[in-house]
Amino acid sequence: MKALATDKRAMVFGAFGQLGVEIARVLQERGFETRLHDKADVDISDTRKVDQTISEFDPSMVFNCAAYNQVDVSESEPLQAIIANGLGVRNLAISCRQNDALLVHFSTDYVFDGTANRPYTEEDTPHPLGAYAVSKYAGELYAKAYLDRVLIVRTSGVFGPAGVKTNRGNFIELMLRLEHGKQNIRVIEDHVASPTYSPLLAEKSIELAVRGEIGVFHIGGGTPISWYDYARLIFEVAGLQPSITATTSREYRTAARRPRYSALANVRMEALGIEPMPPLRIAVEHYLEHRKNYLL
Ligand SMILES: NC(=O)c1ccc[n+]([C@@H]2O[C@H](COP(=O)([O-])OP(=O)(O)OC[C@H]3O[C@@H](n4cnc5c(N)ncnc54)[C@H](OP(=O)(O)O)[C@@H]3O)[C@@H](O)[C@H]2O)c1
């Protein structure tokens, strides 16, 4: 393994997504020399390109923020999900092994089936419920299959200011769009997650990587909350009063099955003395302030 303290070169894939831009920012703030790649530049499912790109730069750390995140579309197009989220991670893992780089890979709360009805810890056993979830779990397995030293960070309901402009956006942007359309907004109240603010997710993930931590870590937001209560919180902080109704997953059918309760407990991170994630309200306030920079 390269000496991380002396060899501060890091590569980011999926670098212009909600998390990727924050990872890049924090790495640069910490004095890393960075190379940033998005899909148009390097598709992580392209085995040769991935290996060529990593070998040329020879980084000490590789951050994989790239992912195929279309949970419902994955049910009709499971191949797309497994190619990006499974085989793409395999490509990165093999190349990191050959180039002696630490892989920092991001996974999801959806690896769990949600039957525990309490925040999931790193000790809990995954049981993914659909094509997207299986593909993300496959990514974890591939990473661990090829690497003894890999940091896998599972997170939940990611939102960051870059979501104003990304293809996939995020839940807050969706709520603001619906409010703008002046329609009645229906949001499910029987599913709970821990929405996670990507600037903080990036800071804490990089802190773990720099400390040399490996294995699976959970970094979910500080507040387990139903999607309905989350929507109400967003509108309250934004000072908006749309017409909003609670619904259930039984009434509001989606192609993919989702875990009913997928909040994460950040047990390993907090045991290291790293400051816990703040309450969701604080993150939403910060988000609404900073999204303005992306609207310009
Ligand atoms: N968003 C969530 O709610 C959520 C929840 C739990 C876990 N996570 C995990 O958190 C991580 C970061 O997610 P995020 O919210 O930052 O996602 P995001 O904003 O959608 O960014 C993902 C980026 O990856 C790119 N990408 C997709 N397929 C690729 C490929 N084959 N090769 C290279 N790049 C590719 C996307 O480009 P295009 O837009 O051009 O496709 C996009 O720029 C991912 O691992 C995700 O699975 C996210």
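That block above? That's the structure.
Quantities reported herein were computed from a predicted structural model and do not represent experimental measurements.

A. View of the site of the ligand. Taken together, 25 residues sit near the ligand, with Leu19, Asp43, Asn69, Lys136 and Asn167 positioned nearest. Between Ile44 and the ligand, the recorded distance is 3.0 Å, taken from a backbone N or O atom to a nitrogen atom. Ala67 is positioned such that a nitrogen or oxygen atom in its backbone is 3.4 Å from an oxygen atom of the ligand. Burial of the ligand by the protein chains amounts to 86% of its free accessible area of 890 Å². Contributing elements (two or more residues each) for the shell around the ligand: strand 4 (102-108) and helix 5 (131-146). With three residues, the top contributor of residues to the shell around the ligand is strand 4.

B. A look at the packing of helix 1 (residues 20-29) against helix 7 (residues 198-210). Running from amino to carboxyl end, helix 1 crosses helix 7 at an angle of 50°, the nearest separation of the two axes being 8 Å. The orientation of helix 1 with respect to helix 7, classified from their angle, is oblique. Where helix 1 crosses over helix 7, the handedness of that crossing is right-handed. Taking contact as the criterion, the partners of Glu22, Ile23, Arg25, Val26 and Leu27 in helix 1 are, on helix 7, Ser198, Pro199, Ala202, Glu203 and Ile206. The class makeup of the residues in the contact of helix 1 with helix 7 is six nonpolar, one polar and three charged.

C. Structural view of the nonpolar core. Grouped together as the largest cluster of nonpolar side chains are 26 residues, with contacts concentrated most on Ile23, Leu27, Phe63 and Phe106. Taken together, the elements giving at least two residues each to this core come down to strand 1 (9-13), helix 1, strand 3 (61-64), strand 4, strand 5 (150-155) and helix 7. Examining the composition of this core, we find that five residues originate from one element, helix 7, more than from any other. Ignoring anything within four residues of it in the chain, the contact list for Ile23 reads Val12, Phe63, Cys65, Phe106, Ala202 and Ile206. The next biggest cluster of nonpolar side chains, apart from the first, holds 23 residues, and it includes Val187, Leu233, Phe235 and Tyr287.

D. Spatial organisation of a nonpolar patch on the surface. Residues Leu79, Ile83 and Leu87 make up a contiguous nonpolar surface patch of about 260 Å² in total accessible area. Mapped onto the elements, Leu87 comes out in helix 4 (residues 78-99). Classification of Leu87 as partly exposed rests on a relative accessible area of 37%.

E. Here's a closer look at helix 1. Burial analysis of helix 1 places seven of its ten residues in the buried class, which makes it a mostly covered element. Those residues of helix 1 not exposed but buried are Gly20, Val21, Glu22, Ile23, Ala24, Val26 and Leu27. On its buried face, helix 1 sits against strand 1, strand 2 (33-37), strand 3, strand 4, helix 7 and helix 11 (292-295). The positive-phi residue at the C-terminal boundary of helix 1 is Gly31, with phi of around 85°.

F. Region of the structure containing the environment of Ser45. Along the chain, Ser45 falls in the loop between strand 2 and helix 2 (47-57). It is 8.7 Å that separates the C-alpha atoms of Ser45 and Asn85, two residues lying 40 residues apart in sequence. Once residues within four sequence positions are removed from consideration, Ser45 is found in contact with Ile83, Gly88 and Asn91. Within the structure, Ser45 has its side chain in polar contact with the side chain of Asp43 (distance 2.7 Å).

G. Seen up close, the packing of aromatic side chains. This model, assessed by the stated rule, comprises nine aromatic pairs. Each ring, one from Tyr110 and one from Tyr132, has its centre 6.2 Å from the other, and the planes form 85°; the classification is edge-to-face. One end of the pair, Tyr110, is in the loop between strand 4 and helix 5; the other, Tyr132, is in helix 5, with 22 residues separating them in the sequence. Take Tyr132: its relative accessible area is 8%, and that puts it in the buried class. Taken together through their ring pairs, the aromatic side chains of Phe159, Phe171, Tyr197, Trp227, Tyr230 and Tyr287 make up a single cluster. The ring of Phe57 carries Arg9 above its face, with NZ or CZ at 5.7 Å from the centroid. Its end group placed over the ring of Tyr120, Arg118 keeps NZ or CZ at 5.8 Å from the ring centre.

The rules we used
Residues numbered from 1 in each chain as written. Predicted model: local features only at pLDDT ≥ 70, side-chain atom pairs only at ≥ 80, totals over all residues. Heavy atoms only, no water. Near = heavy atom within 4 Å. Polar contact = N/O pair within 3.5 Å; in protein donor to acceptor, adjacent residues only side chain to side chain. Areas by Shrake-Rupley, 256 points an atom, 1.4 Å probe, with all protein chains shown as cover. Helix = DSSP H or I, 4+ residues; strand = E, 2+ residues; numbered from the N terminus. Axes fitted to C-alpha atoms, helices over the stretch in contact; angles between N-to-C directions. Parallel < 35°, antiparallel > 145°, perpendicular 65-115°, else oblique. Left-handed = near helix turned anticlockwise from the far one by under 90°. Contact = heavy atoms within 4.5 Å. Nonpolar A, V, L, I, M, F, W, Y, C, P; charged D, E, K, R; others polar. Core = buried A, V, L, I, M, F, W, Y, C linked by side-chain atoms within 4.5 Å. Buried < 20%, exposed > 50% of the residue type's maximum accessible area, 1.4 Å probe, protein only. Patch = residues over 30% accessible without salt bridge, like charges linked within 9 Å, V, L, I, M, F, W, Y side chains within 5 Å. Salt bridge = Lys/Arg side-chain N within 4 Å of Asp/Glu carboxyl O. Phe/Tyr/Trp six-rings, centres within 6.5 Å; stacked < 30°, edge-to-face > 60°. Lys NZ or Arg CZ within 6 Å of the ring centre and 35° of its normal.

The values are spatial; any link to function lies outside them.
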